[in-house]
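Structural overview
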Amino acid sequence: SVSVAECPGTSSAQAGRAAACQGCPNQAFCAAGAAAPDPAEAAELRERLRAVKHTVLVLSGKGGVGKSTFSAHLAHGLAADEAKQVALLDIDICGPSIPKMMGLEGEQVHQSGSGWSPVYVEENLGVMSVGFLLSSPDDAVIWRGPKKNGLIKQFLRDVDWGEIDYLIVDTPPGTSDEHLSIVQYLGAAHVDGAVIITTPQEVSLQDVRKEINFCHKVKLPIIGVVENMSGFICPKCKNESQIFPPTTGGAEKMCQNLNVSLLGKVPLDPQIAKSCDKGQSVLSEAPESPATLSYRSIIQRIQEYCDQHHFQEEKII
């Protein structure tokens, strides 16, 4: 087995070559520097993304914890300010659910002289996903790593994002090819950090700890952790039940142990699933629900982090 603690990190000259890399499934990938753009590509990516003010990655080592759901609501929440331009990029190549959640199923990508045009939910909210490139939502994407990495690069390089305030990147589970690619490709531009999604139970937290370790290894700042499905509040009696009991203290205890911020907890609410299935936002469908109030608080904290991060960089410059 590979010791994550001994991993030299993808940006190291020893990436894929150190003793700890022996037996790692990503060894050849790291050793070849496959995800790292050459100087010409880096310049091209930097030029394309220079008009992106803030970039936020939504991550989790675990599948099924609500990354896409959170990404969709984060995009909706940020775009509620009509003065802000928001883009949502779905790099979950094999399981693209963003088109469904954003009410864009059946839409197609159009190409112009300036590149691919995002599909727009609102005038100030654009979306790009491999789901728009499939002939049917039921089509399976059966690709090896290099082809997935190539598409991620194409999304960043060839999509005409224009001037945008927030680029939200929804990622697949794990800490593998797509994650290495997006971090290294975005290294040519500016990344504010990652929001990490978990659920309260230990089986989820185990994988999320790996994701936090991944962020440290690739020097990706962590904005904070969101605990999804954090208790169920009965809409009738208002009593709260723990559907996924936090047997080891949940995200709150994990954040204390790992010295990362807990951005907030979103309760388990059937209205969230109903809204996503209809391609709508629970923020507008149930504006006074506990879930919506939690989302709004978390989104505000992310905005404050990004603004502070941007201010600090301006001072350094």
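Each value, and the rule that gives it
- Residues numbered from 1 in each chain as written.
- Predicted model: local features only at pLDDT ≥ 70, side-chain atom pairs only at ≥ 80, totals over all residues.
- Heavy atoms only, no water.
- Helix = DSSP H or I, 4+ residues; strand = E, 2+ residues; numbered from the N terminus.
- Buried < 20%, exposed > 50% of the residue type's maximum accessible area, 1.4 Å probe, protein only.
- Contact = heavy atoms within 4.5 Å.
- Areas by Shrake-Rupley, 256 points an atom, 1.4 Å probe, with all protein chains shown as cover.
- Core = buried A, V, L, I, M, F, W, Y, C linked by side-chain atoms within 4.5 Å.
- Pairing = 2+ DSSP bridges.
- Axes fitted to C-alpha atoms, helices over the stretch in contact; angles between N-to-C directions.
- Salt bridge = Lys/Arg side-chain N within 4 Å of Asp/Glu carboxyl O.
- Phe/Tyr/Trp six-rings, centres within 6.5 Å; stacked < 30°, edge-to-face > 60°.
- Parallel < 35°, antiparallel > 145°, perpendicular 65-115°, else oblique.
- Nonpolar A, V, L, I, M, F, W, Y, C, P; charged D, E, K, R; others polar.

- Under an unreviewed UniProt entry, the name given to the chain is NUBP1 factor, and the source organism is Geococcyx californianus.

1. As for the overall build of the chain
- A count of helical and extended segments in the chain gives eleven helices and twelve strands.
- Buried positions account for 50% of the 317 residues belonging to the chain.
- Counting contacts in the chain only where the partners sit at least 6 residues apart, residues at least 24 apart contribute 76% of the total.
- Total accessible area computed for the chain in this model is approximately 14800 Å², and 50% of it derives from carbon and sulfur atoms.

2. Digging into the nonpolar core
- Within the largest apolar cluster, 84 residues are counted, with the highest numbers of intra-cluster contacts made by Leu57, Phe70 and Ile302.
- The residues contacting Phe70, other than those within four sequence positions of it, are Val58, Val195, Ile197, Val226, Tyr295, Ile298 and Ile302.

3. Overview of the sheet that holds strand 2 (residues 86-90)
- Pairing in this open sheet of eight strands is mixed, and the strands run 5-6-2-7-1-8-9-12 from one edge to the other. On the outer flanks of this sheet lie strand 5 (119-122) and strand 12 (262-265), each paired with one strand and no other. When the angles between neighbouring strand axes are averaged without regard to direction, this sheet yields 20°.
- With five bridges joining them, strand 2 and strand 6 (residues 125-129) adopt parallel strand pairing. When the bridges of strand 6 are listed, Val86 appears paired with Leu125.
- In the packing of helix 7 (residues 202-217) onto the sheet, contacts are made with strand 1 (52-59), strand 8 (193-198) and strand 9 (222-227), and the angle to strand 8 comes to roughly 170°.

4. Here's the deal with the pattern of salt bridges
- A full pass over the atoms with the stated rule returns ten salt bridges.
- The residue Lys210 makes a salt bridge to Asp207 at a minimum N-O spacing of 3.7 Å. Note that Lys210 and Asp207 are positioned in helix 7 at a spacing of three residues, about one turn of the helix.
- In this structure Lys210 comes out as partly exposed when scored by relative accessible area, which is 49%.
- Via salt bridges that share partners, Lys62, Asp207 and Lys210 belong to a single interconnected network.

5. Section: the pairing of strand 1
- The buried fraction of strand 1 is high, at seven of eight residues.
- Relative to strand 8, strand 1 is paired through four bridges, and the arrangement is parallel. Note on strand 8: the bridge partner recorded for Val56 is Gly193.

6. Things to note about the side chain of Ser71
- Examined against the element boundaries, Ser71 turns out to sit in helix 3 (residues 67-79).
- Given the relative accessible area of 0%, Ser71 is considered buried.

7. Remarks on the packing of aromatic side chains
- Counted under the stated rule, the structure contains two aromatic pairs.
- Seen in terms of ring centroids, Phe70 and Tyr295 are 6.2 Å apart; in terms of plane orientation they differ by 40°. Their pairing is tilted. In this pair, Phe70 sits in helix 3 while Tyr295 sits in helix 11 (residues 290-316), placing the two residues 225 residues apart along the sequence. Just as Phe70 is buried, Tyr295 falls in that class too.

8. Some details on the packing of helix 2 (residues 39-49) against helix 5 (residues 145-158)
- Remark: helix 2 packs on helix 5, axes separated minimally by 8 Å, with the N-to-C direction vectors making an angle of 50°. Considered as vectors, helix 2 and helix 5 are oriented oblique to each other. In contact with Glu41, Glu44, Leu45, Arg48 and Leu49 of helix 2, helix 5 contributes Lys153, Leu156, Arg157 and Asp158.
- Split into classes, the residues belonging to the contact of helix 2 with helix 5 amount to three nonpolar, no polar and six charged.

9. A closer look at the side chain of Glu178
- Locating Glu178 in the fold gives a position in helix 6 (residues 177-186).
- Once residues within four sequence positions are removed from consideration, Glu178 is found in contact with Ile91, Ile93, Lys148, Asn149, Ile152 and Pro172.

10. Focus: unusual backbone geometry
- The phi dihedral of Met229 is positive, around 55°, even though this residue is not glycine.
- Position of Met229 relative to the elements: it lies in the loop between strand 9 and strand 10 (232-233).
- For Asn259, which is not glycine, the phi torsion reads 60° and is therefore positive.
- For Asn259, the position within the fold is in the loop between helix 8 (250-258) and strand 12.
- Owing to a relative accessible area of 73%, Asn259 belongs among the exposed residues under this scheme.

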